[in-house]
There are 2 protein chains.
Amino acid sequence: MKKSDVIKTLLNHRYVYTENTSGSAFAPANIALCKYWGKRDIELNLPVTSSLSVSLGEKGAHTTVSLINASEDKIRINEEDITLDTQIAKRLIEFLDLFRSNTEMHFAIDTKINIPMSAGLASSACSFAALIQALDQLFSWQLDRINLSILARLGSGSACRSLWDGFVKWHAGKEEDGMDSFAELLPYEWPHLCVGLLVISDQPKPISSREAMQKTVNTSCYYKSWPEKVKTDLEVLQEAIASRDFDLFGSVAESNALAMHASMLTANPPILYWLPETVAMMHQIWKKRAEGLPIYFTQDAGPNLKLLFLKTDIEQVKKTFPEIKIIMPFEKH
Amino acid sequence: MKKSDVIKTLLNHRYVYTENTSGSAFAPANIALCKYWGKRDIELNLPVTSSLSVSLGEKGAHTTVSLINASEDKIRINEEDITLDTQIAKRLIEFLDLFRSNTEMHFAIDTKINIPMSAGLASSACSFAALIQALDQLFSWQLDRINLSILARLGSGSACRSLWDGFVKWHAGKEEDGMDSFAELLPYEWPHLCVGLLVISDQPKPISSREAMQKTVNTSCYYKSWPEKVKTDLEVLQEAIASRDFDLFGSVAESNALAMHASMLTANPPILYWLPETVAMMHQIWKKRAEGLPIYFTQDAGPNLKLLFLKTDIEQVKKTFPEIKIIMPFEKH
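Described in the following lines is the structure provided in the data block. (Residues numbered from 1 in each chain as written. Chains lettered and ligands numbered in written order. Predicted model: local features only at pLDDT ≥ 70, side-chain atom pairs only at ≥ 80, totals over all residues. Heavy atoms only, no water.)

Topic: helix H2 (residues 87-97) of chain B
Residue and element names in this part refer to chain B.
- Among the residues of H2, those classed as buried are Ala-89, Leu-92, Ile-93, Phe-95 and Leu-96. End-on view of H2: buried residues confined to an arc of 160 degrees, all on one side of the axis.
- Those residues of H2 hidden inside the fold are in contact with strand E5 (74-77), strand E7 (106-113), helix H3 (123-139) and helix H4 (145-155). (Buried < 20%, exposed > 50% of the residue type's maximum accessible area, 1.4 Å probe, protein only. Helix = DSSP H or I, 4+ residues; strand = E, 2+ residues; numbered from the N terminus. Arc of directions from axis to C-beta. Contact = heavy atoms within 4.5 Å.)

Following this line, the structure appears as structure tokens:
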């Protein structure tokens, strides 16, 4: 199954000729509490398991896409023109290819991302989520968000979770065409929930998460237990969210992240995103927790940790981690 | 099944009254290349899987055990009298209990260990292996080594591998009484093999390996894949040793150690023996290896790494790790 087949299915009866010359949208970054780790279909970014994230409110990407009279696309990120042969530009252009009605059609993308690009905050997720909504506006498709999440997924798997604020669940689905692999908003809020970014390194990753994921799926002796782990974690996480049981919530999120990293560690050759400072911070977090401060962490495919805690503990957390950047996902802005 | 039942089986027809007043023996420390991680019987130290180690030549424990006229045992380690209520003394006394023919019988143990006690070198393994051989001499049991390895195992699981120099395999066995769970020497030597000790911390462990092992078995989502991993690793390791394929040897040993630590990481709560320096050294080892230096590591339940390399690379290894302590397990002494 190809991406273009999915596009045909979803946009079949949609008006593609547009009188608009541009579309704009914002999409939040998201942090997975139960991770997306492993694809059942690489072309369509179909995951082996479902996953669950929390969106980061006003932290994310604002994207304007325009039709332009030019021989190639133009890509601007944070006021900077991006060379078209870079990795990020190639991915965006390949995604735009899916929506050109003819080879002459070219786009200008202008994106402003207000999160540190290399803080392990998956800027690609909010970028593709904002872009697909901007395209929906440009072309007046008027697709609903669930269908937009399917399209966003074609650009970057976790982008499908960045279509909403709040807690979002991405259903793995079973269909070959992935039409049942979409995200949706969970009906819970948690106003006091805080996410703290502990940026240890903003250096480029030694291995992309796409590659790490695939190597883990193909070579880790533990990966076969990952789906079962996710199944349990998803259930317990949703219970913890529904009942606002923070210790349960934090411990499951932390355990899920560690299981993801443990699966990488057993890939061949081993993959370790951790830096010495990552381990120092983990021990610090565990020490503080043993002393009674309810803080937990999650970690994506990078060295940085993301702290989970409640508003009541902000001052104590700041004292322990003066360099922390705090986001309150459910704070109204 | 109790330890005393095993003793009865093995020592049934042996002469226990002794004219000797003491016995002495040396046993080498050993480093597992395929780890012992998880018990199927806690009382008898019966392992879930087989394991494979290399003994460290002249690095180990020299123990003299004597019968004394006293109301309690005396324990001396490295010229220091050990208080009988310490952890190590308690374990030794409990072990000696198995061999007293009456409650009045008391022992003096004098042990000299020539490896750093807290370097993660499992000094308990060589201590119990030396002690059981010293007891064999004291009581003139004249047990063969395989049976002595069964008795040593009752003191500390991995002690059963410290009865020989060279590569040693501990068979998991299936019997309830563990009479088929013994170690034996593998018929291979590797004169150029080097083991390098990188001591990162000699602080006491936050959690004993016994406890970590049990928590992992009981709570890790990945532990169920461990036996299968070990089965493959054992086969490949033995092939690698037989054919002196060092890269295969090193990569399997490293992968096995990482899988053990990955299993701990997914215990509940997570167990992480690594310190920041552990990760720094791992990255340094991988970097050097990528540059062409054939070095691998293994790691036990502690923060320290043990480097595996060949004699030809000693100078380069010393340049990279000036603080390294090098042992050549097959060097004649």
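Comments concerning the interface of chain B and chain A
- Tallying the contact residues gives 25 residues for chain B and 25 residues for chain A.
- Taken as a group, Tyr222(B), Leu265(B) and Leu272(B) account for 28% of the area that chain B buries against chain A, more than any other trio of residues on that side.
- There are two salt bridges connecting chain B and chain A.
- A salt bridge links Glu228(B) to Lys224(A); the shortest N-O distance between them is 3.8 Å. (Buried area = accessible area lost by both parts, 1.4 Å probe. Salt bridge = Lys/Arg side-chain N within 4 Å of Asp/Glu carboxyl O.)

Some thoughts on the relation of the copies chain B and chain A
- Aligned on chain A, chain B shows an RMSD of 0.0 Å; the corresponding rotation is 180 degrees and the shift along the axis is 0.0 Å. Here the two chains are linked by the operation of a two-fold rotation axis. Scanning chain B for the C-alpha nearest the rotation axis identifies Pro276(B), at a separation of 2.0 Å.
- A shared binding surface is used by both copies, with 100% of the interface residues of chain B retained as interface residues in chain A. (Least-squares fit on C-alpha atoms with pLDDT ≥ 70 in both.)

What to know about the environment of Asp110(A)
Residue and element names in this part refer to chain A.
- You can see Asp-110 is positioned in strand E7 (residues 106-113).
- Classification of Asp-110 as partly exposed rests on a relative accessible area of 26%.
- Distance in space between the C-alpha atoms of Asp-110 and Asn-147 is 23 Å, their sequence separation being 37 residues.
- Leave out the neighbours within four places in its chain, and Asp-110 touches His-62, Thr-63, Thr-64 and Arg-76.

Quick word on the packing of helix H1 (residues 3-11) of chain A against helix H4 (residues 145-155) of chain A
All names here are of chain A.
- Relative to each other, H1 and H4 sit at 165 degrees, their axes nearing to 11 Å. Between H1 and H4, the angle falls in the class roughly antiparallel. By crossing handedness, the relation of H1 to H4 is classed as left-handed. Contacts from Lys-3, Val-6, Ile-7 and Leu-10 in H1 reach Asn-147, Ile-150, Leu-151 and Leu-154 in H4.
- For the contact of H1 with H4, the per-class residue count stands at six nonpolar, one polar and one charged. (Axes fitted to C-alpha atoms, helices over the stretch in contact; angles between N-to-C directions. Parallel < 35°, antiparallel > 145°, perpendicular 65-115°, else oblique. Left-handed = near helix turned anticlockwise from the far one by under 90°. Nonpolar A, V, L, I, M, F, W, Y, C, P; charged D, E, K, R; others polar.)

Concerning the sheet that holds strand E11 (residues 296-299) of chain A
Residues and elements named next belong to chain A.
- An order of E11-E12-E10-E13 is seen for the four strands of this open sheet, with the pairing classed as antiparallel. The sheet is open, and its two borders are formed by E11 and strand E13 (325-327), each paired with just one other strand. Strand-to-strand, the axes of this sheet are offset by a mean angle of 30 degrees, without reference to chain direction.
- Across three bridges, the pairing between strand E10 (residues 193-198) and E13 is antiparallel. Looking across to E13, one finds that Leu-197 is bridged to Lys-325.
- Here helix H8 (residues 276-290) sits on the sheet and contacts E10, E11 and strand E12 (305-310); the angle it forms with E11, its principal contact strand, is near 155 degrees. (Pairing = 2+ DSSP bridges.)

Concerning the sheet that holds strand E11 (residues 296-299) of chain B
Residue and element names in this part refer to chain B.
- Read across the sheet, four strands follow the order E11-E12-E10-E13 without closing on themselves; strand pairing throughout is antiparallel. The two strands at the open ends of the sheet, each matched to only one other strand, are E11 and strand E13 (325-327). Neighbour-to-neighbour, the strand axes of the sheet open up by a mean angle of 30 degrees, direction not taken into account.
- Contacts from helix H7 (residues 246-265) reach strand E10 (193-198), E11 and strand E12 (305-310), with the element oriented near 35 degrees to E11.

Some thoughts on the pairing of E7(A)
Residue and element names in this part refer to chain A.
- With six of its eight residues buried, E7 lies for the most part within the structure.
- Bridge count for strand E4 (residues 51-68) against E7 is eight bridges, and the pairing is antiparallel. Bridge assignment links Leu-67 to a residue of E7, and that residue is Phe-107.
- With four bridges joining them, strand E5 (residues 74-77) and E7 adopt parallel strand pairing. Residue pairing across strands places Ile-77 opposite Thr-111, the latter belonging to E7.

Observations concerning the nonpolar core
- Among the nonpolar cores identified, the biggest contains 234 residues, and Leu135(A) and Leu135(B) are the most heavily contacted of them.
- Once you skip the residues sitting within four places of it in the chain, Leu135(A) turns out to touch Val65(A), Phe95(A), Leu96(A), Phe99(A), Phe107(A), Ser140(A) and Trp141(A). (Core = buried A, V, L, I, M, F, W, Y, C linked by side-chain atoms within 4.5 Å.)

Concerning the pairing of E10(A)
Residue and element names in this part refer to chain A.
- By the criterion of burial, E10 is predominantly enclosed, with six of the six residues buried.
- Of the two faces of E10, the one lined by Leu-193, Val-195 and Leu-197 and the one lined by Cys-194, Gly-196 and Leu-198 are each fully buried.
- In this structure, E10 lies alongside E12, joined through six bridges in antiparallel fashion. By the bridge assignment for E12, Val-195 is matched with Leu-308.

Details of the pattern of salt bridges
- Evaluated as defined, the whole model comprises 32 salt bridges over all chains.
- Residue Lys287(B) is joined to Glu291(B) by a salt bridge in which the shortest nitrogen-to-oxygen separation is 3.3 Å.
- With its nearest N and O atoms 3.5 Å apart, the salt bridge here joins Lys288(B) to Glu291(B).
- Salt bridges sharing common partners tie together Arg76(A), Glu79(A), Asp81(A), Asp110(A) and Lys112(A).

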